[in-house]
Amino acid sequence: MTSPLLTLPLLLLLGQSSEPASTESPFQARLSFFATDEDIDSPGAPTATSFHAALEGHTPELTSGLRAEAALSFFLTTGGSQGMGFSDNGSTVRLRYRPSGWEAGEGLSAVVHPMSTSRLYMGFTYPVTWERQAFPRRSAAESALELRLSRQRWDAFVALKSAPVLDDLELEVSRRYALLAGGFLDVTPEVRLAVKGTVLDRGQIPGAANQGIEMHVPMRGASLGAVWHRGAPIGNNVDLKLYQGDPTFFERFFQPETYPGGFAASVSLEGSLVSQGLLDPDAVLQRTTQTGGAGALEARVKQGFWRAHALAYVRTLAFIQLDAPGLPPYIAFMNDAETHAEVSGTLSSDYHLQDWGLTPGLLVRVTRPASLRNAPVSPLFSNYTAVFLGLNAISLLPEGEEPGLVVTAKATVRWDLGKVAGVLAEVSYTHDPNRTLFEDDETGVARPVLQPANAVGFSVLLQARF
């Protein structure tokens, strides 16, 4: 009998490409529309609209135990001189072999990620995953080959990412490789342990190349995770903002949720540590090692038709800027810089109204954002404090201001329309005292000015399935 852990979203404890859904039809299609506006009263607030299309298919057995599967996932964009465009969202092609006598879910598989490796990553729980793209200065698509062996109580994988990367020293493109490996072990039917490791060379540091010096960016890292689960699987809460950037964003929220009654609970804990070599800002053309880390604790509870979710995570500033890498690019933080990690906690609860197919819920999140303050002699930030909203997303505070807590409250709803469609929606209120814009002062010099802290926004996700 397969461990109930294998049905959890924390199959993400391997965190690799998602398994195509098993359906009677050899093909299954999804078309999704997503729209969000974080501040409906501000014309300059972040907004997004996107269409997502996915097609999954599998063949009958080609020979005894051998079958082929493919998942095409992409975004449709319109506008501009190029007309309609496409961007990949982690499409895969898979060969799967199950030897005679092996149980369902066991076997050997080879997976090709031809255009994007965002489904092959380090860490386990979004948003503390990393290395979804290994080479930030690639000149073409980043692809990968993944090999996996799955048995009843354990799983192991090894993967190789590859991309052509610009070498400023040689003035040519060279191919780089990243190695990932890991696996999990079901210690008991309720406890799973998982580990991953990676090693790669991101290529030449441009600043050193301009001086004729060969200096690369080596990176090493590991992730450890553990999960305990009892009872029926517990799906994700409706929190569209938190999971944007996850390639399974348009898939995970519409996975069928079962309510068999009784009590169910799960707790997961993970941590990641990574280091990379960057230019030392306090020495001339010397390399230093910058270390970053992240951790997350997640708990889920289900009782009858009621669910509750809790998520707490921490990300150091070096971890947030990991894929840039550095700030400025390829330069480590100054030794006397004052940095603070991002710390966030989220609580949510919802209740499923079975007769109507509705699941309304409430959510509250409190976040202390990551920040950086350099010494006054720094030409980059002067006396300002930089607040980091994400990778290379920076808000500069006026001189003397300290970062404040960001508080978000949401009303959410999920509406399941049988097996053919679904709707997710949320209305949010956010109090963010770190919002600023640059305005000219009386001398004509542009300086950051605090903006109204309160904002009301919305998000909606619609999906049709065929």
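Residues numbered from 1 in each chain as written. Predicted model: local features only at pLDDT ≥ 70, side-chain atom pairs only at ≥ 80, totals over all residues. Heavy atoms only, no water.

**A closer look at the overall build of the protein**
Keep this limit in mind: Secondary structure elements are taken from DSSP: a helix is a run of H or I of four residues or more, a strand is a run of E of two residues or more, and numbering for both begins at the N terminus. The reference for a compact globule is 2.2 Å times residues^0.38; the radius of gyration itself is calculated from the C-alpha atoms. Remark: exposure states derive from per-residue accessible area (1.4 Å probe, protein chains only) relative to the maximum for the residue type, with buried under 20%, exposed over 50%, and partly exposed in between. Contacts between residues were defined by any pair of non-hydrogen atoms, one from each residue, lying within 4.5 Å. Neither His nor the chain ends contribute to the count of charged residues, in which Lys and Arg are positive and Asp and Glu negative. Here the site of a charge means NZ on Lys, CZ on Arg, CG on Asp, or CD on Glu.
When helices and strands are counted, the protein shows three helices and 25 strands. Radius of gyration (C-alpha) of the protein: 23 Å, near the 23 Å computed for a compact globule of 466 residues. A buried classification covers 48% of the 466 residues belonging to the protein. Looking at the protein alone, contacts between residues at least 24 apart form 63% of all its contacts between residues at least 6 apart. The positive charge centre, built from 36 side chains, and the negative charge centre, built from 48, are 8 Å apart in the protein.

**Looking at the pairing of strand β2 (residues 47–58)**
Which entries qualify depends on this criterion: When DSSP finds two or more bridges between two strands, those strands count as paired.
Here strand β1 (residues 27–37) pairs with β2 via eleven bridges, running antiparallel. In the strand pairing of β2, Ala35 is matched with Thr49. Here eight bridges tie β2 to strand β3 (residues 66–77), and the two strands are oriented antiparallel to one another. Pairing of His52 across the sheet is with Phe75, part of β3.

**What to know about the nonpolar core**
To be explicit about the condition: To form a nonpolar core, buried Ala, Val, Leu, Ile, Met, Phe, Trp, Tyr and Cys residues must be joined to one another through side-chain atoms within 4.5 Å.
Of all hydrophobic cores here, the largest spans 34 residues; its most connected members are Trp130, Phe135, Leu240, Phe249, Leu424 and Leu461. Contributions of two or more residues to this core are made by β8 (154–167), β9 (172–188), α2 (249–252), β13 (287–303) and β14 (306–315). Counting residues per element, this core draws most heavily on β8, at four residues. For Phe249, the residues in contact, after removing those within four places along its chain, are Phe34, Leu240, Tyr243, Gln244 and Leu461. Residues Ala337, Ala370, Phe388 and Leu396 belong to the second largest nonpolar core, which totals twelve residues.

**Considerations on empty space enclosed by the protein**
Our working definition: Cavity and pocket criteria rest on a 1 Å grid covering protein atoms alone: a 1.4 Å probe that fits but cannot get out defines a cavity, protein on both sides within 12 Å along at least 5 of 7 lines defines an open pocket, and an atom within 4 Å of a point defines a lining residue. Grid points are joined across faces, edges and corners, and a volume is the space filled by probe spheres set on the points. All amino acids are sorted into three groups, where Ala, Val, Leu, Ile, Met, Phe, Trp, Tyr, Cys and Pro are nonpolar, Asp, Glu, Lys and Arg are charged, and the leftover types, Gly among them, are polar.
Applying the stated criterion across every chain yields a total of six cavities of 30 Å³ or more. As a volume, the second largest cavity reaches approximately 60 Å³. If you trace the second largest cavity, you find it lined by Asn237, Asp239, Leu242, Tyr243, Glu298, His309, Ala310, Leu311, Thr346, Leu347 and Ser348. Mapped by element, the contributors of at least two residues to the lining of the second largest cavity are β14 and β16 (342–351). Classifying every residue of the lining of the second largest cavity gives five nonpolar, four polar and two charged.

**A word on the sheet that holds strand β18 (residues 370–373)**
Inclusion rule: Note on definitions: angles span 0 to 180 degrees between N-to-C directions of axes, and those axes are lines fitted to C-alpha atoms, for helices only across the stretch in contact.
Read across the sheet, four strands follow the order β15-β18-β19-β20 without closing on themselves; strand pairing throughout is antiparallel. Two strands bound the open sheet, and with one partner strand each, they are β15 (338–340) and β20 (393–397). With direction set aside, neighbouring strand axes in the sheet form an average angle of 20°. Looking at chain direction, β15 and β18 are connected through three bridges and run antiparallel. For Glu338, the partnering residue across the bridge sits in β18 and is Arg373.

**Things to note about the packing of aromatic side chains**
Applicable threshold: Centres within 6.5 Å are what make two rings of Phe, Tyr or Trp a pair, Trp counting through its six-membered ring; a difference in plane orientation under 30 degrees is then read as stacked, over 60 as edge-to-face, and the rest as tilted.
A full pass over the atoms with the stated rule returns eleven aromatic pairs. Through a chain of ring-to-ring contacts, three or more aromatic side chains come together here, namely Phe34, Phe75, Tyr243, Phe249, Phe250 and Phe253.

**Brief notes about the environment of Ala294**
Relative to the helices and strands, Ala294 is located in strand β13. Separated by 21 residues in sequence, Ala294 and Leu273 have C-alpha atoms that sit 6.9 Å apart. With residues near it in sequence (within four places) discarded, Ala294 still touches Val128, Glu270, Gly271, Ser272, Val314, Arg315 and Phe319.

**Focus on a nonpolar patch on the surface**
Rules: Patch membership is restricted to residues that have no salt bridge and whose relative accessible area is over 30%. Joining uses 9 Å for like charges and 5 Å for the nonpolar side chains Val, Leu, Ile, Met, Phe, Trp and Tyr. What sets the accessible areas is the Shrake-Rupley method with a 1.4 Å probe; for residues, cover comes only from the shown protein chains. One side-chain nitrogen of Lys or Arg within 4 Å of one carboxyl oxygen of Asp or Glu is enough to make a salt bridge.
A cluster of nonpolar side chains, contributed by Val93, Val112, Leu145, Leu147, Val158, Leu160, Tyr177, Leu179 and Val199, occupies part of the molecular surface with about 720 Å² of accessible area. Sorting the residues of the nonpolar patch by element identifies β7 (143–150), β8 and β9 as the ones contributing at least two each. Position of Val199 among the secondary structure elements: in strand β10 (residues 191–204).

**Some thoughts on the side chain of Glu270**
Along the chain, Glu270 turns up in strand β12 (residues 263–279). The buried charged residue Glu270 lacks any salt bridge, with Lys196 as its nearest oppositely charged partner at 7.8 Å. Beyond its immediate stretch of four places on either side in the chain, Glu270 contacts Gly123, Phe124, Thr125, Val128, Leu224, Gly225, Ala294, Gly295 and Ala296.

**Some details on the confidence of the model for the protein**
We count it as follows: The pLDDT score gives, residue by residue, the confidence of the prediction method on a 0 to 100 scale.
Chain-level statistics for the protein give a pLDDT mean of 87 and a share of 91% at 70 or above. For residues 1–23, every residue scores under 50 in pLDDT, and the model assigns this stretch 79 contacts once sequence neighbours within four places are set aside.

**Some points on the environment of Ser109**
Turning to its location among the elements, Ser109 is positioned in strand β6 (residues 107–113). As a C-alpha pair, Ser109 and Thr385 span 276 residues in sequence and 49 Å in three-dimensional space. The contact partners of Ser109, leaving out residues within four places of it in the chain, are Arg94, Leu95, Arg96, Glu146, Leu147 and Arg148.

**A few points about the pattern of salt bridges**
Per the stated rule, a full pass over the model turns up 28 salt bridges. The partner of Asp168 in a salt bridge is Arg137, with the nearest N and O atoms 2.5 Å apart. Of the two residues, Asp168 is situated in the loop between β8 and β9 and Arg137 in the loop between β6 and β7; the sequence distance between them amounts to 31 residues. On the basis of relative accessibility, which here comes to 24%, the residue Arg137 falls in the partly exposed class. Across the salt bridge formed by Arg202 and Asp323, the nearest N and O atoms sit 2.9 Å from each other. Placement of Arg202 in strand β10 and of Asp323 in the loop between α3 (317–320) and β15 is noted, with a sequence separation of 121 residues between them. Overall, the relative accessible area of 2% leaves Arg202 in the buried class. Beyond isolated ion pairs, a larger network of salt bridges with shared partners links Arg30, Glu56, Arg119 and Glu251.

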